[in-house]
Amino acid sequence: MKITGVEIRPGNIIEYEGGIWKVTKIQHTQPGKGGAYMQVEAKNLIDGRKLNNRFRSADTVEKVRLDTKDFQYLYAEGDDLVFMDKDSYEQITIGKDVVGDAHEFLQDGMDVVLELWEERPISVELPEQIEATIVEADAVVKGQTASSSYKPAILDNGVRVMVPPHITSGTRIVVNVYDREYVRRAD
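Residues numbered from 1 in each chain as written. Predicted model: local features only at pLDDT ≥ 70, side-chain atom pairs only at ≥ 80, totals over all residues. Heavy atoms only, no water.

The chain has the name Elongation factor P in an unreviewed UniProt entry, where Sphingopyxis jiangsuensis is given as its organism. Recorded in UniProt for the chain, the comment headed Function (unreviewed entry) runs: "Involved in peptide bond synthesis. Stimulates efficient translation and peptide-bond synthesis on native or reconstituted 70S ribosomes in vitro. Probably functions indirectly by altering the affinity of the ribosome for aminoacyl-tRNA, thus increasing their reactivity as acceptors for peptidyl transferase." Per UniProt, the comment on the chain under Sequence similarities (unreviewed entry) is "Belongs to the elongation factor P family." (UniProt positions renumbered as here; feature names shortened; annotations may be inferred.)

S.K.: Could you give me a rundown of the UniProt feature "domain: Translation elongation factor P/YeiP central" (unreviewed entry) in the chain, with the residues and numbers involved?
M.R.: Taken from the UniProt record, the annotation "domain: Translation elongation factor P/YeiP central" (unreviewed entry) applies to residues 68–122. End C-alpha atoms of residues 68–122 are separated by 10 Å, and the span's content is 7% helix alongside 56% strand. (Helix = DSSP H or I, 4+ residues; strand = E, 2+ residues; numbered from the N terminus.)

S.K.: Please set out the sheet that holds strand S9 (residues 91–95) residue by residue, giving values where relevant.
M.R.: Strand order in the open sheet formed by five strands is S9-S8-S7-S10-S11, with antiparallel pairing between adjacent strands. The open sheet terminates on both sides in strands that have one partner only, identified here as S9 and strand S11 (120–125). Recorded for the sheet is a direction-independent mean angle of 45 degrees between the axes of neighbouring strands. The sheet contact formed by strand S7 (residues 67–77) and strand S8 (residues 80–85) spans six bridges and is antiparallel. Counterpart to Gln72 in the pairing with S8 is Met84. (Pairing = 2+ DSSP bridges. Axes fitted to C-alpha atoms, helices over the stretch in contact; angles between N-to-C directions.)

S.K.: Describe the pattern of salt bridges, listing the residues and the values that go with them.
M.R.: Summed over all chains, the structure comprises five salt bridges. As a salt-bridge pair, Lys86 and Asp111 come within 3.0 Å of each other at their nearest N and O atoms. Remark: Asp111 occurs in strand S10 (residues 111–117) and Lys86 occurs in the loop between S8 and S9; sequence separation between them is 25 residues. For Lys86, a relative accessible area of 34% puts it in the partly exposed group. For Arg172, the salt bridge identified is with Glu131, shortest N-O distance 3.3 Å. Of the two residues, Arg172 is situated in strand S15 (residues 172–176) and Glu131 in strand S12 (residues 129–137); the sequence distance between them amounts to 41 residues. You can call Glu131 partly exposed: its relative accessible area is 36%. (Salt bridge = Lys/Arg side-chain N within 4 Å of Asp/Glu carboxyl O. Buried < 20%, exposed > 50% of the residue type's maximum accessible area, 1.4 Å probe, protein only.)

S.K.: So what about the packing of aromatic side chains? Which residues, and what values?
M.R.: Applying the stated rule across the entire model yields two aromatic pairs. Between the aromatic rings of Tyr16 and Phe55, the centroid separation amounts to 5.1 Å while the plane-to-plane angle is 70 degrees, which identifies the pairing as edge-to-face. Of this pair, Tyr16 sits in strand S2 (residues 13–16) while Phe55 sits in strand S5 (residues 50–56), and the two are 39 residues apart along the sequence. (Phe/Tyr/Trp six-rings, centres within 6.5 Å; stacked < 30°, edge-to-face > 60°.)

In structure tokens form, the structure reads like this:
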């Protein structure tokens, strides 16, 4: 689907100069002289390059629709991650770089959504929040106020997060995968 340069919005996936780009930021500008344009910042979904470009209202770009498919995470194999298609039970191997830093939160059997472009995996979407157990937590420093003080803790997957003082080792908590922040105690 073709869209004009001024119709581009953050989150759009566009095809431009032979690459697939995810728009991260836009700024609409109307100079006193000349036509309006959209200043677009985008990230290449295949190789991670950044793009900063101006699109005039007369320019057109192809808006891409990605296919999404449900997969299940199976295991890690070196720098690769193995997922299984929940419909056909086919296995697919994807590099950790496609998942990004969130790969540390993958758990065996976790349901994820893969975004595919022309049958090629572009990104992996994990659940926004996961449950994890704290294996190591620093002791509480006496005299600190309970409202604003957080202490470092290490989860069972090796990720370091900041938690409230009342959380101790062995406690199950809910963590936001993308912010790496404590949300609440698990039920």
